[in-house]
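# Structure assessment
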Amino acid sequence: MDLATFLIQCLNSLQYGLLLFLVASGLTLIFGIMGVINLAHGSFYMIGAYMAFALAPIVSATFGGGFFSTLFVGVVVAVVLGYVLEWVFFSFLYERDHLQQVLMTYGLILVFEEGRSLLVGDDVHGVAVPELLAGSLPLGDLMTYPVYRLFVSAVCLALALGMYLVFTRTRLGMMIRAGSTNREMIQSLGIDIKFLYRIVFAAGVAIAVLAGMVAAPVSSVYPGMGNAVLIVCFVVVVIGGIGSIKGAMVAALIIGVVDTFGKVLLPQAAGVLVYVLMAIILLWKPDGLFKTA
């Protein structure tokens, strides 16, 4: 492997790891803070990708905007969707066992898949890269790297920084962290924990939808695309430590490196390397790399 190829694979692993973190951070928020096993989280990623495909002509005809206007509209729709879903379905699951959570969220997967089939069909679709980001940067004499992939990495880093600041520097973050530790105490202080959980769930859905929208021009849009992402995201959450945003970031970057270089160096075994890594880490640290208090 020459230097240019190595650099490209490093950038690919960074971009894939950051995108994984973007999806997994929403899952670890819902799982770690609210205590709900949400199997439908991968479906939100799929919904985001299909939004990037289906909303683009509608937004262009209505507002005259392009890809970035579609991103904004999609995130707004995702926040509303997350708020309504938490109110109608997930608010009844907090006091129930995990089996009922799994059954209900699996049912949502089937509903979302059938709705996607009825509204958009079962074909594979492509989403065009915006013209502003359609160029490439030279790496060496023969190789180039797409600017859009760097944009995806920048979006993920910006959101990671934003989540860190919200959780560590704001009153809302303090209430969310306190609510995940002692729900009864938060309620006794006069804080509406139900509304707080709806904000957390809506934010988790919006992050997953945004990840699907920015990933659509790279990965294309196809049925069932959320299922594989869900499995890897659960691996990220387990390796990083349930409820730990920092752990999700570290675990996603590690998985990005292992998966990307595994496909290049050991293509026949690339599919199991991530799970072997998870088994090794859990033997070493059963609670994940960063156990939350």
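Now for a quick tour of the structure. (Residues numbered from 1 in each chain as written. Predicted model: local features only at pLDDT ≥ 70, side-chain atom pairs only at ≥ 80, totals over all residues. Heavy atoms only, no water.)

### Some points on the overall build of the protein
The helix and strand inventory of the protein stands at eleven helices and two strands. Along the protein, helices and strands appear, N-terminal first, in the series α-α-α-α-β-β-α-α-α-α-α-α-α. Taking 293 residues into account, the globule formula puts the C-alpha radius of gyration at 19 Å, and the protein, at 19 Å, falls close to it. Reported as C-alpha extents along the three principal axes, the dimensions of the protein are approximately 65 × 55 × 35 Å. The proportion of buried residues among the 293 residues of the protein is 47%. Across the protein, the fraction of contacts at a sequence separation of at least 24, relative to all contacts at a separation of at least 6, is 75%. Approximately 14,300 Å² of the protein is accessible, and the part contributed by carbon and sulfur atoms is 70%. Here the protein carries 13 positive and 14 negative side-chain charges, and the mean point of each set is 13 Å from the other. (Helix = DSSP H or I, 4+ residues; strand = E, 2+ residues; numbered from the N terminus. Rg over C-alpha atoms; globule rule 2.2 N^0.38 Å. Buried < 20%, exposed > 50% of the residue type's maximum accessible area, 1.4 Å probe, protein only. Contact = heavy atoms within 4.5 Å. Areas by Shrake-Rupley, 256 points an atom, 1.4 Å probe, with all protein chains shown as cover. Lys, Arg positive; Asp, Glu negative; His and termini not counted. Charge placed at Lys NZ, Arg CZ, Asp CG, Glu CD.)

### Looking at the packing of helix 2 (residues 41-63) against helix 8 (residues 193-219)
Between helix 2 and helix 8, the shortest axis-to-axis distance is 6 Å and the interhelical angle comes to 50°. Considered as vectors, helix 2 and helix 8 are oriented oblique to each other. In this structure, the crossing between helix 2 and helix 8 has a hand that is right-handed. Residues His41, Phe44, Tyr45, Gly48, Ala49, Met51 and Ala52 of helix 2 touch helix 8, and the partners they reach there are Phe201, Gly204, Val205, Ala208, Val209, Ala211, Gly212, Met213, Ala215, Ala216 and Ser219. (Axes fitted to C-alpha atoms, helices over the stretch in contact; angles between N-to-C directions. Parallel < 35°, antiparallel > 145°, perpendicular 65-115°, else oblique. Left-handed = near helix turned anticlockwise from the far one by under 90°.)

### Observations concerning the packing of helix 5 (residues 147-169) against helix 6 (residues 171-181)
Closest axis-to-axis distance for the helix 5/helix 6 pair is 5 Å, and the angle between their directions is 75°. Considered as vectors, helix 5 and helix 6 are oriented roughly perpendicular to each other. Facing Val166, Phe167 and Thr168 of helix 5, the residues of helix 6 in contact are Gly173, Met174, Ile176 and Arg177. A class-by-class count of the residues in the contact of helix 5 with helix 6 yields four nonpolar, two polar and one charged. (Nonpolar A, V, L, I, M, F, W, Y, C, P; charged D, E, K, R; others polar.)

### Topic: the environment of Val102
By secondary structure assignment, the location of Val102 is in helix 4 (residues 98-119). Sequence separation between Val102 and Val36 is 66 residues; the distance between their C-alpha atoms is 8.7 Å. If we ignore the near neighbours within four places in the chain, the residues touching Val102 are Ile37 and Leu39.

### As for the pattern of salt bridges
Counting across every chain of the model gives four salt bridges. In this structure, the salt-bridge partner of Arg116 is Glu113, at a minimum N-O distance of 2.6 Å. Taken together, the positions of Arg116 and Glu113, both in helix 4 and three residues apart, correspond to about one turn of that helix. With respect to class, Arg116 is no different from Glu113; both count as buried. For Lys263, the salt bridge goes to Asp259, with nearest N and O atoms at 3.3 Å. (Salt bridge = Lys/Arg side-chain N within 4 Å of Asp/Glu carboxyl O.)

### What to know about unusual backbone geometry
Even without being a glycine, Ser220 presents a positive backbone phi close to 70°. In this structure, Ser220 sits in the loop between helix 8 and helix 9 (225-240).

### So, the nonpolar core
In this structure, Met34, Phe44 and Ile255 are the most contacted members of the largest nonpolar core, which totals 86 residues. The dominant element in this core, judged by the number of residues it contributes, is helix 8, at 16 residues. Excluding residues within four positions of it along the chain, Met34 makes contact with Leu29, Glu86, Tyr94, Arg183, Tyr197, Val200 and Phe201. (Core = buried A, V, L, I, M, F, W, Y, C linked by side-chain atoms within 4.5 Å.)

### Side note on the side chain of Thr28
By the element assignment, Thr28 lies in helix 1 (residues 3-34). Judged by its relative accessible area of 1%, Thr28 falls in the buried class. Discounting residues that sit within four places of it in the chain, Thr28 has contacts with Ile33, Val237, Gly241, Ile242, Gly243, Ser244, Ile245 and Ala248.

### Notes on the packing of aromatic side chains
Considering all chains together, one arrives at eight aromatic pairs under this definition. Within the aromatic cluster, the residues linked to one another by ring pairs are Phe44, Phe90, Phe112 and Phe201. The residue whose ring lies beneath Arg198 is Tyr83, and the NZ or CZ to ring-centre distance is 5.9 Å. If you follow Lys285 out to its NZ or CZ, it ends over the ring of Trp284, 5.7 Å from the centre. (Phe/Tyr/Trp six-rings, centres within 6.5 Å; stacked < 30°, edge-to-face > 60°. Lys NZ or Arg CZ within 6 Å of the ring centre and 35° of its normal.)

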